[in-house]
Every structure is written in structure tokens, then in C-alpha cells.
Amino acid sequence: MESAAFGIHHITAIAGEPQRSIDFYTGVLGLRLVKLTVNHDDPYTYHLYFGDGKGRPGTLLTFFPWPDARNGSRGTGQATAVSFSVPERSLGYWKQRLEAQGIPVQGPLRRFGEEVLVFTDPCGLTIELSPQPGIVDDPSVPPGRVPGKYAVRGLRGVTLFLEGHLRTADLLVETLGFLPKEAQGDRFRYEAAGDGAGGVVDILSLPFPIEGRVAAGSVHHVAFRVPGPAEQAALRERLKTLGYDVTPVIDRVYFRSIYFREPGGVLFEIATDSPGFAVDEPEDRLGTRLVLPPWLERERALVEKVLPPVHLPAP
């Protein structure tokens, strides 16, 4: 399928205090702060990107941190859990590490034949760790926080909480190129072709709606990846033909984006792999300073004055 997506590019959630997210995702989970920038649609708010040492698509969890945001609540029409891949036989390490930080942990649970460790981040976002076979040492893993043999390797996938699943399943399979895998009760799994990071979408299907609120601790949107503008344009035309209300292409500096709501109500994005995060700072210095999009540089002094100060981890 020429216009198919190739798994998840990134997942964006809403947080509270930015420092708490930086400390948790770099200090506890051992991810790299790939980019410290601002929300292009709300430029006096940070946009934090966490991922592997190179900031590769498929490894990225990002946040809009609003310090005064209310806590969200889980409901249909939301993405409700973010899953990361870790090496096999690492869950004992992670359970001990998280509990030593005072973080309650569920599991290991069994799901589709896999072990899963479940916990929440400081704002209440559900995070899962799932060991995957064949994971090898990766030189892009940020050093010094989590030993490489245990370190997070990238996104495993996301869970959508929907009233019914058939229309969203049709979008995933017929348009985005995912493959239906198996079902376990009211949970349905779909996987992207290939074996890259971010290849799993689970749908938890209910026959009735449950009211929720997207706020702190909630996923804002799920971004799927395509190689470049040509593939994105083809997918945009296909989505328009199918009746989806798709935005024009938006320049996010590190990728180009289009947005639409899938049939169950979750905001989806299609993001390009290119140009990547090294377009405005060297790869070995990613996430070490506040980077603004070119059109905001003239307002840097005001932006820096408004944004709360944060302490950044060593690169």
C-alpha cells in the first residue's frame, strides 16, 4: 500500500510542571531529552521531546506541560496508555527500580503472550514496559542513567479506548496499512508491517461511551510516520477521499504534519521522518538548550521570560 504509514512516529501527551516530566523521563526511565522547544500553537508553553539518543521516529514521547492544568480522566475517544519496548528479562530490574522511586507497579501482567509492567508517570499518564525478543545493545541509548542491557529501546505502541472498534480498525488496516493480529476479550491488536519501533496499536472496545477529559496525564494525539512529503501527500489525498477532515500540511521544523480525527474521536497526526531533530543543533547537543522555531527568534527574550525555568540533564 503506497500511502500506508509505517508505525508510530511519536505520541504527545499533556503534563503539569515541566521539571517533573524532565526528571521522570530522563532520570527514572533513562530517555534522552531530545528537544527543548515550545508549542508552536501556544508559544509560551514548552514542548518537551523524549526519545533515544538520536531522537529517531518511533522512540518519541512528547509533552505539552501546562503547570496549572487540571488532571484528566479516562474515557472513550482517547488514547489511554503508552507502551515502551525493553530487552528481554529486564522487568525484574524495572520493577525494582520503579518501586525504589516510590512508584506503584502492576504486574508483570500477561497480554497476547507478552509480559507487561504497568505504572503511571507523575501526572497520571499510564506507561507500560514490554520486553521484546531480539533487542540488542544500542549505542544510541543515553549513557549513565539506565544500564544498556535494561534500557528502553523505543515505543512499543499505544492503547486506544473506544466505543466500538470496527470503523477505527478499518482505518488502521485499509488506509494506514496495519495488520490485524489477535483479540483478547475486548482488546484488539493491530501491528504495522515490518519490525520497527512503535508498531502496535491496541483498541480497547466498549459497547457504550464513558465520559472522560483530556487534560494533564492524558494523551493529546498519536502521530503515525511516513518517510517524507510525497508519501504524506498521497495519504492526505486518500484520507480526504474517504471523507476525513484533514488539515493542510503544517511545518513543525523537525517534521511536516497533517491532523485528523479517527472515527472514535482520537486525534491522529501523520508526520514525516524528515528532516529530523539535528536541523537546528548538533546531534551530540540535542536537548541542551531552548530552541525556538525561526519565526519566534525575534521574541526569544519574552518567551524565555514567560517560560518557567527548568534544570536540564547532562547530554
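Notes on the structure follow. (Residues numbered from 1 in each chain as written. Predicted model: local features only at pLDDT ≥ 70, side-chain atom pairs only at ≥ 80, totals over all residues. Heavy atoms only, no water.)

### Overview of the environment of Ala100
Tracing the sequence through the fold places Ala100 in helix H2 (residues 91–100). Along the chain, Ala100 and Pro308 lie 208 residues apart, while their C-alpha atoms are 29 Å from each other. (Helix = DSSP H or I, 4+ residues; strand = E, 2+ residues; numbered from the N terminus.)

### Notes on the environment of Leu296
Structurally, the position occupied by Leu296 is in the loop between strand E16 (267–275) and helix H5 (300–306). Residues Leu296 and His40, 256 residues apart in the sequence, show an inter-C-alpha distance of 9.1 Å. Excluding residues that lie within four positions of it along the chain, Leu296 makes contacts with Val38 and Pro43. (Contact = heavy atoms within 4.5 Å.)

### Details of the nonpolar core
Membership of the largest hydrophobic core comes to 69 residues, with the highest contact counts inside it found for Tyr25, Phe84, Leu176 and Phe224. If we skip the residues at most four places from it in the chain, Tyr25 touches Gly30, Leu31, Phe50, Leu61, Phe63, Asp121, Leu125 and Ile127. Ranked by size, the runner-up nonpolar core spans 11 residues in total, among them Tyr49, Val253, Phe277 and Val291. (Core = buried A, V, L, I, M, F, W, Y, C linked by side-chain atoms within 4.5 Å. Buried < 20%, exposed > 50% of the residue type's maximum accessible area, 1.4 Å probe, protein only.)

### Digging into the pairing of strand E6 (residues 106–111)
Pairing of E6 with strand E7 (residues 114–120), which is carried by 4 bridges, proceeds in the antiparallel orientation. Each bridged residue has a counterpart across the sheet, and for Leu109 the counterpart in E7 is Val116. Here E6 folds back onto E7 in antiparallel fashion, the turn holding 2 residues, of which Phe112 has a positive phi close to 50°. (Pairing = 2+ DSSP bridges.)

### Digging into the sheet that holds strand E12 (residues 200–206)
The strand order across the open sheet built from 8 strands is E6-E7-E8-E5-E9-E12-E11-E10, with neighbouring strands paired in mixed fashion. The sheet terminates laterally at E6 and strand E10 (178–184), the two strands that pair on one side only. When the angles between neighbouring strand axes are averaged without regard to direction, this sheet yields 25°. Sheet analysis places strand E9 (residues 154–163) next to E12, joined by 7 bridges and oriented parallel. (Axes fitted to C-alpha atoms, helices over the stretch in contact; angles between N-to-C directions.)

### Things to note about a nonpolar patch on the surface
Taken together, the side chains of Tyr44, Leu302 and Val306 define a hydrophobic patch exposed on the protein surface, amounting to about 240 Å² of accessible area. As for its position among the elements, Tyr44 is in strand E3 (residues 42–51). Overall, the relative accessible area of 33% leaves Tyr44 in the partly exposed class. (Patch = residues over 30% accessible without salt bridge, like charges linked within 9 Å, V, L, I, M, F, W, Y side chains within 5 Å. Areas by Shrake-Rupley, 256 points an atom, 1.4 Å probe, with all protein chains shown as cover. Salt bridge = Lys/Arg side-chain N within 4 Å of Asp/Glu carboxyl O.)

### Regarding the pattern of salt bridges
Within this structure, the stated rule accounts for 18 salt bridges. Across the salt bridge formed by Asp41 and Arg252, the nearest N and O atoms sit 3.2 Å from each other. Of this pair, Asp41 sits in the loop between strand E2 (32–39) and E3 while Arg252 sits in the loop between strand E14 (250–251) and strand E15 (255–261), and the two are 211 residues apart along the sequence. On the basis of relative accessibility, which here comes to 60%, the residue Asp41 falls in the exposed class. In this structure, the salt-bridge partner of Arg225 is Asp273, at a minimum N-O distance of 2.6 Å. With Arg225 in strand E13 (residues 219–226) and Asp273 in strand E16, this pair connects stretches of sequence that are 48 residues apart. In the salt-bridge network here, residues are joined through shared partners; they are Glu114, Arg156, Arg187, Arg189 and Asp202.

### Describing the side chain of Glu262
Mapping Glu262 onto the fold places it in the loop between E15 and E16. Buried and unpaired, Glu262 has Arg167 as its nearest opposite-charge partner, separated by 7.2 Å. At a separation of 2.4 Å, a polar atom in the side chain of Glu262 contacts the side chain of Thr168. Of the polar contacts made by the side chain of Glu262, one reaches the backbone nitrogen of Gly264; its length is 2.7 Å. Contact partners of Glu262, with chain neighbours within four places excluded, come to Leu162, Thr168, Leu171, Tyr244 and Phe268. (Lys, Arg positive; Asp, Glu negative; His and termini not counted. Polar contact = N/O pair within 3.5 Å; in protein donor to acceptor, adjacent residues only side chain to side chain.)

### Looking at the packing of helix H3 (residues 166–175) against helix H4 (residues 229–241)
Interhelical geometry of H3 versus H4 gives an angle of 140° and a closest axis separation of 12 Å. Comparing their axes, H4 and H3 come out oblique. Relative to H4, H3 is oriented so that their crossing is right-handed. Residues Leu171, Glu174 and Thr175 of H3 form the contact with H4, whose participating residues are Leu235, Arg238 and Leu239. Residues that form the contact of H3 with H4 fall into these classes: 3 nonpolar, 1 polar and 2 charged. (Parallel < 35°, antiparallel > 145°, perpendicular 65-115°, else oblique. Left-handed = near helix turned anticlockwise from the far one by under 90°. Nonpolar A, V, L, I, M, F, W, Y, C, P; charged D, E, K, R; others polar.)

### Quick look at the pairing of E16
Note: E13 against E16, 5 bridges, orientation parallel. If you follow Ala223 over to E16, its bridge partner there is Glu269. Remark: 5 residues form the turn of the hairpin made by E15 and E16, two consecutive strands paired antiparallel; Gly265 in that turn has positive phi of roughly 110°.

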